[in-house]
Structures are given as C-alpha cells and as structure tokens.
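Coordinate inspection notes
The residues making up each chain are set out below.
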Amino acid sequence: MDFNIEADYLQRGTWKKSVFVLEFSDGFICFAGAYLTKYLQAALQLQVFLEKYGYLHQEDHIHNEVEVQSAISGFQWLSRLPVTGELDGATLRQMTEPRCGVSDEGSRHTWARRVNAIFTGRRAAAGPPRSRRKRSVAQGTFVRRTVFVRVLFECVRDPRKATDRIHCPKWYKRHLTYQIVNRPRHLSLGSVRLVVRAAFQLWSNVSGLLFQEAPGGPADIRLAFYEGDHNDGASNAFDGPGGTLAHAFLPRRGEAHFDMAERWTLNGHKGHNLFMVTAHEIGHTLGLDHSPVRHALMSPYYRKLGRNLVPSWDDIIAVQQLYGKRMWRYTGSVLDPGFPRRSSDLGLPRHPDCAFFYTPLGHMVLFKGSRYSVLNLGTLRQEPYYPRRLTDWTGVPQGTNGALTRPGGRLYLFREQRFWRFDPVKVRVTREGQWAKDLSWTGCGNTPRSNDIL
Ligand SMILES: [Zn+2]
Ligand SMILES: [Zn+2]
C-alpha cells in the first residue's frame, strides 16, 4: 500500500497529497519503514531547495501551505512551467536540472520592473527591494514536519547573500578588470583565457562596459574554481558533479566561483560547457538577476553550447538599463565595421525616448522630450536645422518610447498602455487608444495563465 501511494505521489501527485502522506505517517512512523523515509527525504529536499533558491524564507524553516504553494508557483514561473502551485512531475524534474547556485529571490520583481520600464520609458531602478519575508504563522502538519528540518538544516543559513543583494547592485565605472585565479587541471591556461575573454565580450558587445584581463591582479572580478565548502557560507558549498555548477556575487564583491568537481569542457558534448556557465556568472557579477526568458544567458538553468550564442533581448535590456546603450548598424544581417558604437560618441542624446526610420524623409527620426532630430543614416549625425519642436508631429505627445511602421506606411507610437497612429499623408495623428485592447495585431488581447509566451 505504501508503495502505491508513493508511486502516485511521484507520478502525478500534488503537495496536498504529500501532506496527507506525512499526516498518515506521523502515527505509524515505526511501521512505514523505508517508504516513509523516502517521503520525508523528498519533503525535506523540497523545503531545502525552495529555501536555498529564495522561494521560502530561512528564518525558522516553518512554512504554511499557502507559502509553499506560492513558492512552487514562483519556481514554476521562473522555470517557464505551467503555474499551478502544485508539485507535479515536471516541477520535480526541473528541480533536479543542473543550474546556477545563485538564489532566484527577487528575480521576478526585477524582471517585472525591467519589462515595465520598456513600456513606460522610465528607467528601471538600480535594484529591487530585498526585504526578507516576514515570519509566518505555522499551521497544522507543517509544524511537525519542520521540526526535522530545523534540526538537520539550521547550519545552511547565510545572511551574507541577502545583505549583498540589498546594497550593491551595480558598478560605478565602465572599465572593469578580471583575473582567472585558477582553472581545472585538464584545461590549458591559454584555452581558458580565450573562453573567458569571449564570455566577457558577449556583455561588452551589448553595453557601455569594457573588460580587460589583469593576469597578476588585483582585479575587479575574480574567477576561481573550488571544491565543496570554500569559505563563503555552508549554503554556498559545492555539491560535486551535477546540481549546482557555479555561483557568483552581485557587485561590487566581484567574484564568480565554479565547482571544480564538474566535468568542464570547452567544446565537447559531455560535461558542462565552461563558456556558457562563465557568460552566465559574469552577468551576476555585473548585477543581473535570473531571467525567465527561454534562451536568456541569465536563465538559471544550464544551457548547452549551441549555434545561437548572442545574449537574448532580456539580457541586453537588463545590462543596458544598468550601464547604458550602444548603437548597431547592419547591412542585411551583417554588422557594419566599427559597430557597435556608444551613442554619446556620435553626439546623439544618451537616452532618446524613441527612434525609428521614417520613409517619407528617408532618414532616422529620434524623439527626445519636446524636440526631435533627423539623422543622416550615412554619417549618423544630425541633419542641419535640427532639432526642431515636436509640435511638427501634430497630435504626437511627448515621451513616446516605442515606434513601428506597419505595412501601408502608417506609423504607430507607444507610451505605457496607449498608442497614437500617425498618418504620413495627412501629417497628423488619425487614431489613438489602448494598444492591447484596440490593436488586435499585437496579440495582447488575452492574458494567458501560463508564461509560455516567453
Ligand atoms: Zn545564476
Ligand atoms: Zn563560492
């Protein structure tokens, strides 16, 4: 009978079923034998996992059912699983995936602010509030269960991680140095240096940051390989092959640590690719949190080396909101020589509201506050007699922060939830409204429950 319950729990069980098992087991702990041990181990592992990655508080290891469901929902959201709050098979499997050891706490909040900044045009705040969650009132069986947890796992608490995340979200300089402190014995120093340089380049290519290796130190960012407990907190101890691969600290501690026990590879199919993991951990050292976007470098899960090595749109927006933008120019799909360039080097406004190609003029147009500029695409300099007043664009308000041209030549401008349609023939706004509701081609009319649109 025990075996049947367990199989049901593992295949399609929910958290509620596991609670039932624990309640049942409390009275028969002496008779349930090995199967009960498995239940308890699974529950303990679940709690340790959700606490380690910031979904449950660690203050007293007591959590009520609502908190646990909310924690599972948060984990499912960041992992791009259907958000049910139930501990189903897919959620359990996801918890065993190789991943980064940095906590996911605050990632959802940061992501919401980042995306909100895209639509509102306001710059995202430097960092999310990281207040520790309040101690909750324990209820029912969770009190009894957590007695075990408190005894076994009290030693994993590490307040340093929380305080790091409150105070130091970014670097206040653009030129950063790095040092490779050590490396896996089976990889040559030359190849590791190449891989690390390429990983830093992914970030410098899309931001105003520049990186330079300082082989002898001192350096702003230090990359080192360690095994097991390496003196930065018991919860940061590495766990051998699989599981946690690496972790890093937010600015300005400037450290990324890699599990020496992993089978690190540079181009092989077996093992974990050092380039991919390094690129991810560098993101943390720059102040980035985990991302829910499927192909983001900052997704907490290990991603194999593939053809598509560029940072995702979410990585780019995240690093640019912290460190400024660059400008790219492509001919077809090939980046022109000399690009990307810093927009300030070209004499352009550092934070334009929006920019778009305007066919009637054959030039780029750039809105900034109450004025607009017209840029020559060849020189990327302003045309003579600009900037001019935005009132030339009859009906267009200040502060629009997105623009696109639809087939037929009509220009759509966006600010927060609203849009303005500009007719280039009538030279004025001919329609306005709420884009999600009124523009069916945006596909935003319905809000899906799961987050698979990412
Ligand atoms: Zn990470
Ligand atoms: Zn460490």
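Residues numbered from 1 in each chain as written. Chains lettered and ligands numbered in written order. Predicted model: local features only at pLDDT ≥ 70, side-chain atom pairs only at ≥ 80, totals over all residues. Heavy atoms only, no water.

Looking now at the packing of aromatic side chains. On inspection of all chains with the given rule, the structure shows 20 aromatic pairs. Ring geometry for F200 and F211: centres 4.7 Å apart, planes at 45 degrees, overall tilted. A residue pair is termed long-range when its members are at least 10 positions apart, and F200 in helix α9 (residues 189-204) and F211 in strand β3 (residues 210-213) qualify at 11 residues. Exposure class is identical for F200 and F211. Each is buried. Centroid distance Y412 to F419: 6.0 Å. Interplanar angle 35 degrees. Geometry classified as tilted. Each of the two residues, Y412 as well as F419, counts as buried. Chaining the aromatic ring pairs together yields one cluster made of F356, Y358, F367, Y372, Y386, W393 and F422. Over the aromatic face of Y53 sits the side chain of R99, whose NZ or CZ is 3.6 Å from the ring centroid. (Phe/Tyr/Trp six-rings, centres within 6.5 Å; stacked < 30°, edge-to-face > 60°. Helix = DSSP H or I, 4+ residues; strand = E, 2+ residues; numbered from the N terminus. Buried < 20%, exposed > 50% of the residue type's maximum accessible area, 1.4 Å probe, protein only. Lys NZ or Arg CZ within 6 Å of the ring centre and 35° of its normal.)

It is worth spelling out the coordination of the zinc ion (ligand 1) at this point. Note on metal geometry: ideal angles are 109.5 degrees for four donors arranged tetrahedrally and 90 or 180 degrees for six donors arranged octahedrally. C100 (SG), H280 (NE2), H284 (NE2) and H290 (NE2) make up the full set of protein donors to the zinc ion (ligand 1), lying at 1.9 to 2.2 Å. Note that the zinc ion (ligand 1) binds four donor atoms; their angles at the metal cover 99 to 115 degrees, and the shape is tetrahedral. Counting along the primary sequence, the residues that act as donors to the zinc ion (ligand 1) give the motif C-x179-H-x3-H-x5-H. In this pair, C100 is assigned in strand β1 (residues 99-100) and H280 in helix α10 (residues 274-285), connecting sequence segments 180 residues apart. For the pair C100 and H280, a shared accessibility class is recorded, and that class is buried. (Donors = N, O, S within 2.8 Å, 3.2 Å for Na, K, Ca; no water. Tetrahedral: all angles 85-135°; square planar, octahedral: opposite > 155°, others 65-115°.)

This part is about the UniProt feature "binding site: Ca(2+) 3" (unreviewed entry) in the protein chain. Residues annotated in UniProt with the feature "binding site: Ca(2+) 3" (unreviewed entry) correspond here to D239, G240, D259 and E262. The largest pairwise C-alpha distance within this set of annotated residues, which runs over 24 residues, is 9.4 Å, so the set is compact in three dimensions. You can see D239 is positioned in the loop between β4 (221-226) and β5 (244-248). Exposure remark for D239: the relative accessible area of 43% places this residue in the partly exposed category. In contact with D239, not counting residues within four places along its chain, are T244 and D259. Among the polar contacts listed, one links the side chain of D239 to the backbone nitrogen of T244, at a separation of 2.9 Å. The topology assignment puts D259 in strand β6 (residues 255-259). (UniProt positions renumbered as here; feature names shortened; annotations may be inferred. Contact = heavy atoms within 4.5 Å. Polar contact = N/O pair within 3.5 Å; in protein donor to acceptor, adjacent residues only side chain to side chain.)

For the rest of this paragraph, the subject is the side chain of T278. Tracing the backbone shows T278 in helix α10. If we ignore the near neighbours within four places in the chain, the residues touching T278 are V196, A199, L223 and F258.

This part is about helix α11 (residues 313-323). In terms of burial, α11 is a largely internal element, eight of the 11 residues being buried. Among the residues of α11, D314, D315, I317, A318, V319, Q320, L322 and Y323 are the ones counted as buried. With its phi angle positive at about 90 degrees, G324 sits one or two positions after the end of α11.

All right, on to the pattern of salt bridges then. Per the stated rule, a full pass over the model turns up eight salt bridges. A salt bridge links D220 to K173; its shortest N-O distance comes to 2.9 Å. Of the two residues, D220 is situated in the loop between β3 and β4 and K173 in the loop between α8 (159-167) and β2 (175-180); the sequence distance between them amounts to 47 residues. Look at D220 and you get buried, because its relative accessible area is 17%. With a shortest N-O distance of 3.8 Å, K437 and D438 are connected by a salt bridge. The exposure class of K437 is exposed, given its relative accessible area of 63%. (Salt bridge = Lys/Arg side-chain N within 4 Å of Asp/Glu carboxyl O.)

W203, F258 and L286 are the most contacted members of the largest nonpolar core, which has 39 residues in total. Contributing elements (two or more residues each) for this core: β2, α9, β4, β5, β6, α10 and α11. In terms of residue count, the dominant contributor to this core is α9 (seven residues). In contact with F258, not counting residues within four places along its chain, are L223, A224, F225, Y226, F238, L245, A246, W264, L274, V277, T278 and E281. One finds I72, V83, L87 and W111 within the second-largest nonpolar core, a separate group that totals 20 residues. (Core = buried A, V, L, I, M, F, W, Y, C linked by side-chain atoms within 4.5 Å.)

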